[in-house]
Amino acid sequence: MTEQMGIESYLEQGGVLTSPANVPARYRGELMKIMASFVDSELAGSAGFADTINTAPGIKERIAAARITLEKADHAERVLKVMSEFGVDERRYANHHPWADRLPRDAAVSEARRAGDLRLPVFHFPFAGWTDAVAMNVVMGEAVGVQLGELARISYAPLADVFRAIAPREGRHALLGFEGLTKIAATEEGRAAAKQSIAYWRPRVAESFGHAKPERFAMLKRLGLRHESGEALAARWNAQLDARLASLKLN
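Residues numbered from 1 in each chain as written. Predicted model: local features only at pLDDT ≥ 70, side-chain atom pairs only at ≥ 80, totals over all residues. Heavy atoms only, no water.

Let's shift gears to the overall build of the protein chain. What the protein chain contains, in helices and strands, is ten helices and zero strands. Starting at the N terminus, the α and β elements of the protein chain follow one another as α-α-α-α-α-α-α-α-α-α. For 251 residues, the compact-globule estimate of 2.2 N^0.38 gives 18 Å, and the C-alpha radius of gyration of the protein chain, at 19 Å, lies within 12% of that figure. Taken along its principal axes, the extent of the C-alpha atoms in the protein chain is 65 × 35 × 30 Å. The contacts of the protein chain with a sequence gap of at least 6 include a subset with a gap of at least 24, amounting to 70%. Counting only carbon and sulfur atoms, one obtains 55% of the accessible surface of the protein chain, whose full area is about 12100 Å². Separation between the mean location of the 33 positive side-chain charges and that of the 31 negative ones in the protein chain comes to 2 Å. (Helix = DSSP H or I, 4+ residues; strand = E, 2+ residues; numbered from the N terminus. Rg over C-alpha atoms; globule rule 2.2 N^0.38 Å. Contact = heavy atoms within 4.5 Å. Areas by Shrake-Rupley, 256 points an atom, 1.4 Å probe, with all protein chains shown as cover. Lys, Arg positive; Asp, Glu negative; His and termini not counted. Charge placed at Lys NZ, Arg CZ, Asp CG, Glu CD.)

A word on the packing of helix H6 (residues 130–151) against helix H8 (residues 188–206). Contact pair H6 / H8: the axes reach a minimum separation of 8 Å and the direction vectors enclose 40 degrees. Between H6 and H8, the interaxial angle falls into the category oblique. Regarding H6 and H8, the two cross each other, and that crossing is right-handed. Along its contact with H6, which presents Thr131, Asp132, Ala135, Met136, Val139, Met140 and Ala143, the element H8 presents Ala193, Ala194, Ser197, Ile198, Trp201, Arg202 and Val205. Partitioned by chemical class, the residues of the contact of H6 with H8 number ten nonpolar, two polar and two charged. (Axes fitted to C-alpha atoms, helices over the stretch in contact; angles between N-to-C directions. Parallel < 35°, antiparallel > 145°, perpendicular 65-115°, else oblique. Left-handed = near helix turned anticlockwise from the far one by under 90°. Nonpolar A, V, L, I, M, F, W, Y, C, P; charged D, E, K, R; others polar.)

Per the counting criterion, the structure on display carries 20 salt bridges. The salt bridge partner of Lys183 is Glu61, with a shortest N-O separation of 3.3 Å. Note that Lys183 is positioned in helix H7 (residues 157–184) and Glu61 in helix H3 (residues 59–84), a separation of 122 residues in sequence. Through salt bridges with shared partners, one network takes in Glu150, Arg153, Arg226, Glu228 and Arg236. (Salt bridge = Lys/Arg side-chain N within 4 Å of Asp/Glu carboxyl O.)

The next thing to look at is the packing of aromatic side chains. Counted according to the given criterion, the structure contains six aromatic pairs. Each ring, one from Phe127 and one from Trp201, has its centre 5.8 Å from the other, and the planes form 65 degrees; the classification is edge-to-face. Here Phe127, found in the loop between helix H5 (109–112) and H6, pairs with Trp201, found in helix H8; they are 74 residues apart in sequence, far enough to count as distant. Looking at Trp201, the relative accessible area reads 0%, which means it is buried. Centroid distance Tyr200 to Trp201: 4.9 Å. Interplanar angle 90 degrees. Geometry classified as edge-to-face. The same class applies to Tyr200 as to Trp201, namely buried. (Phe/Tyr/Trp six-rings, centres within 6.5 Å; stacked < 30°, edge-to-face > 60°. Buried < 20%, exposed > 50% of the residue type's maximum accessible area, 1.4 Å probe, protein only.)

As a further point, take the packing of H6 against H7. Running from amino to carboxyl end, H6 crosses H7 at an angle of 150 degrees, the nearest separation of the two axes being 8 Å. Viewed along their axes, H6 and H7 adopt a mutual orientation that is roughly antiparallel. As H6 packs across H7, the resulting crossing turns out to be left-handed. Residue-level contacts link Trp130, Thr131, Val134, Asn137, Val138, Gly141, Val144, Leu148 and Leu151 of H6 to Ala160, Phe163, Ile166, Ala167, Glu170, His173, Ala174, Gly177, Phe178, Gly180, Leu181 and Ile184 of H7. Here the contact of H6 with H7 is composed, by residue class, of 14 nonpolar, six polar and one charged.

This next bit is on the side chain of Arg119. Relative to the elements of secondary structure, Arg119 occurs in the loop between H5 and H6. One polar contact links the side chain of Arg119 to the main-chain carbonyl oxygen of Asp101, over a distance of 3.0 Å. Those residues within four positions of Arg119 in sequence are excluded, and the remaining contacts are Ser37, Asp40, Ser41, Ala44, His97, Pro98, Trp99, Asp101, Arg102 and His124. (Polar contact = N/O pair within 3.5 Å; in protein donor to acceptor, adjacent residues only side chain to side chain.)

That is the geometry; function is a separate question.
Structure follows, in structure tokens:
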């Protein structure tokens, strides 16, 4: 007990951990949830974008969709390697769920939270064509940038290193989405379709920031697993997304 209290005090003062050997039980449980949510989301995201490759309107767009598909799977593998140091079977984990499964498009977000894995709710919903996939990538891409900024500060150093390495490539995914959306928004018809898709995806992406109770957030902050509240991160995401959309007259 004394040793665990000592570690938690160390973490609260900004300390970092570097090995599963010195991780307290509660810290381990919360860390595994964070990693599982990220891995499940990346695997589900990769599976979803794989289905869009052949619907892309041109070669450049197909390459973009294929790159996102590949790199999201790679990001999942990188975090899975960290999880494996805690005893997780990488191969079994990666294949334990049908990642391409989706709920009906009009399903409630509450159904996504009961669907059997830890992917973020947005990854339980299907695309409705190329424009819809691009719009989701833009809305979610801005959220991922904000969330990775938070995750890169996590107190488990090997995982923070992975998130810092992943962040530039996820930023590139968001940029590819914005380039695609710029083309779509160049016509009145495309702009109308994009607005409709953005209105669909925005509240679902908003759920990615969670609804943690103050006492739970305080506990995670003491452990160095969180630094900013979901509300603060969501506010930053909304501001950045509004600026992006305004530049294309899509607000």
